[in-house]
Amino acid sequence: MEIIKLAWRNIWRNKRRTVITASSLMFAVIFGVVMRSMQLGTYDRMIDSAVRQYSGFIQVQDSAYWKDKTIDDLMPDSLLLRKEISKLPDVTGVLPRLESFALISYGNKTKGAIFQGIDPFLDNQMTQISHKVVKGSFLTKDDEGILLSQRLAGYMGVNVGDTVVLLSQGYHAVTAADVFPVRGIVKIPNPKLDRILIIGSLKRVQDFYGADGMLTSMVVNINSKNNIDKVLPEVKKIIDSGRFVALSWTDMNKELKQQIESDSVSGQIMLGILYVVIFFGILGTIIMMTAERRKEFGVMVALGMHRYYLAMIVFVETILLGLVGALTGELISTGIVSYYYRSPIKIGGEMKDIYEQFGIEPVLAFSKDFGIFLNQFYVVLALLVIAVLYSIIKITGFKIIDAIHS
Amino acid sequence: MRNRTILPILALIFASGLFLQQKTDLTAVEIIKKANDLRYGETSEGSMDMTLVRPTWKRSISMKMWTKGTAYSMVLITAPAKEKGQVFMKRKNEMWNYIPRISRMIKLPPSAMSQGWMGSDYTNDDMMNEGSLVSKFNHKILKTEKFENMDCYVIESVPKNDDDVVWGKKVSWISKDDFFTLKTESYDDDMYLVKTEIASEIKTFGGKRLPSKFEIIPEDNPGNKTVVVLKDIIFNKPLDESFFSQQNMKRIR
């Protein structure tokens, strides 16, 4: 206790040095936290727009479907199986889906699109898609009409209430052709999907493709993507492994996963460089401090203070200094992160186009994951401990006479 | 007296010799043309069932078909209910598809020519260019051999102009007696076998003997085939060119 008191007084003896050191630590923490939070938050957003809104974290499919994704490899819908999977812990919902390619035609324009059949009620519970309807209304159960994604509707020049023609090849090569009234226009966050997605009620889409009671997949959503390794084996246990497969979002979105991984590595390298710079900054101040206080240390030891005790005091001083700097940093970065968490940075101009070409929503989102804060804290303290070894070695090794005369 | 009897006999022998000579000396083009005329006649009107056979499923479609020469044809789907009323029409080099459910007339683009017709192993090109085998290819008799217990000419047909035709060559087995095209092999530009068409089950339709079952077996998808069974067909019933019109596609039942 006395050590802490002494150390606390010591660090405030030279306020300027303390403030400089503490603020360098503070900025290190702020930079580290904000940078990492922005990266991880953006990944979460990418995963959310591609996975939660579209493919789901786990999909159960006919075992032949994934290879060719043809509408001939469908699975029968089964309420029983859906119920069984949704009873698993951490599973938040199981959604039936039927989707395939279709040509959409209106006036003189025709475009390729994805026609997706959903259970409007269940899907909305999961994705809140009805909040994304920007014009018109959401689908009702077994609705005869369809929703168009915003950019697709814009390109086609279609408005709510218009009737469009869809044309495709259905189940077992049946001709799929029909007219659909447009019920609403929906804004899909993922720009790639926003250009091609048509949504209809499951019943209507099954009817269109001549695939009554059939699905392309059951989408299993879970409460957190971190639980996927727990849930996936359970799902695999339930399904008939001869006929069906359960795929995780990383199996289905290999591209996205690799994109995130490579970007994450480059972020970690940047962070590493930042740490190196900070480490030498800290080491510099500690060397300076040790040199400045050489005489003081010499006098203390000459008066009978144990070198060991002195080293302890210096160590605790540094830790206290670190705590002051890092905690202030944490506080400030919490403020920054929670502000941007609520209102993410929207990218504009040319960067926006580049992002959209890659199929990424042009938004820098932030993550509030507690682990990010904790990690930065640990890293900065660890750097301090390594740096303070220098002054401890000095203290245990100096010659008293030289020190007093310096 | 002697001369009187011998002369006609000689004449007969001579004539029959000539006739025989003529029969064996049929050129490849003539054989192909005869086989083609047999199948299509001047005009034809018939109905048939097509079955798509796939490793895990099969599906049948019923249709009616009208043809006039090689330039015009019309196909009306009569079953199943979901596709009933769909019409395909070929007029010279153009192919059209009418879908009543969406009241749209669709012109099939050249790029769709090598795609399967109604999901079958028949390509749209098969539908279109059936008749052009005679005119767009050079034909050569390779040999004669027995196929399904019938003496056949084996004729190799190579396109005159590569640009017009999707095939590298076709080899046909045509029976000597009746000019039935019993088997046709189609090769791509690199001379790999792409598909084989086999005709069998010879029946009499309106006094004309014809194979009634056609199987198309693609080479690259084992387990896949398309079987067309002719239910009835009548030939040379007068049919005006104007029958093959877009207006009629919408009317026809």
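Residues numbered from 1 in each chain as written. Chains lettered and ligands numbered in written order. Predicted model: local features only at pLDDT ≥ 70, side-chain atom pairs only at ≥ 80, totals over all residues.

(A) Structural view of the packing of helix α2 (residues 15-55) of chain A against helix α15 (residues 370-397) of chain A. Residues and elements named next belong to chain A. Contact geometry of α2 with α15 gives a least axis separation of 9 Å together with a crossing angle of 145 degrees. In this structure, the crossing between α2 and α15 has a hand that is right-handed. The segment α2 lies against α15, with L25, A28, V29, G32, V33, R36, S37 and L40 engaging I372, F373, Q376, F377 and V380. Split by residue class, the contact of α2 with α15 holds 9 nonpolar, 3 polar and 1 charged. (Axes fitted to C-alpha atoms, helices over the stretch in contact; angles between N-to-C directions. Helix = DSSP H or I, 4+ residues; strand = E, 2+ residues; numbered from the N terminus. Left-handed = near helix turned anticlockwise from the far one by under 90°. Contact = placed C-beta atoms within 7 Å. Nonpolar A, V, L, I, M, F, W, Y, C, P; charged D, E, K, R; others polar.)

(B) Inspection of the environment of H139 of chain B at higher detail. All names here are of chain B. For H139, the position within the fold is in strand β7 (residues 137-147). Looking at H139, the number of C-beta atoms within 10 Å reads 20, which means it is buried. Spatially, the C-alpha atoms of H139 and T27 are 8.6 Å apart, while their sequence positions differ by 112 residues. Excluding anything up to four places from it in sequence, H139 contacts A28, V29, I32, I155 and S157. (Buried ≥ 20, exposed ≤ 12 C-beta atoms within 10 Å, placed from the backbone.)

(C) Broad picture of the nonpolar core. Residues and elements named next belong to chain A. Counting 131 residues, the largest nonpolar core has I198 and V220 as the members making the most contacts within it. The element contributing the most residues to this core is α2, with 14 residues. Both domains that furnish three or more residues to this core are identified here as domain 1 (2-49 + 257-405) and domain 2 (64-241). Not counting chain neighbours up to four residues away, the residues in contact with V220 comprise G56, F57, I58, Q59, V60, I85, V91, V94 and V235. (Core = buried A, V, L, I, M, F, W, Y, C linked by C-beta atoms within 7 Å. Domains from an automatic or database assignment.)

(D) Seen up close, the interface of chain A and chain B. Contacts between the two partners involve 10 residues from chain A, matched on the other side by 12 residues from chain B. The dominant element in the side of chain A that touches chain B, judged by the number of residues it contributes, is strand β8 (residues 175-186) of chain A, at 4 residues. Classifying every residue of the side of chain A that touches chain B by side-chain character gives 5 nonpolar, 4 polar and 1 charged.

(E) Quick look at the pairing of strand β6 (residues 146-149) of chain A. All names here are of chain A. Residues I146 and L148 of β6 are buried on one face, and the alternating residues L147 and S149, pointing to the opposite face, are buried as well. Judged from the 3 bridges that link them, β6 and strand β9 (residues 197-201) form a sheet pairing that is antiparallel. Residue pairing in the sheet places I146 in a bridge with G200 of β9. (Pairing = 2+ DSSP bridges.)

(F) The arrangement of α2 of chain A in detail. Residues and elements named next belong to chain A. The terminal C-alpha atoms of α2 lie 57 Å apart, and with 41 residues this matches the ideal 60 Å at 1.5 Å per residue to within 8%. Of all the bends in α2, the largest measures some 35 degrees and sits at D48. Directly after α2, the chain includes G56, whose backbone phi takes a positive value near 80 degrees. (Expected span 1.5 Å × (residues − 1). Bend = angle between axes of the 7 residues up to and from the residue.)

(G) A look at the domain arrangement of chain A. All names here are of chain A. Taken domain by domain, chain A consists of domain 1 (2-49 + 257-405) and domain 2 (64-241). With 5 residues of domain 1 in contact, the opposing surface of domain 2 contributes 5 residues. Counted by class, the side of domain 1 that touches domain 2 contains 1 nonpolar, 2 polar and 2 charged residues.

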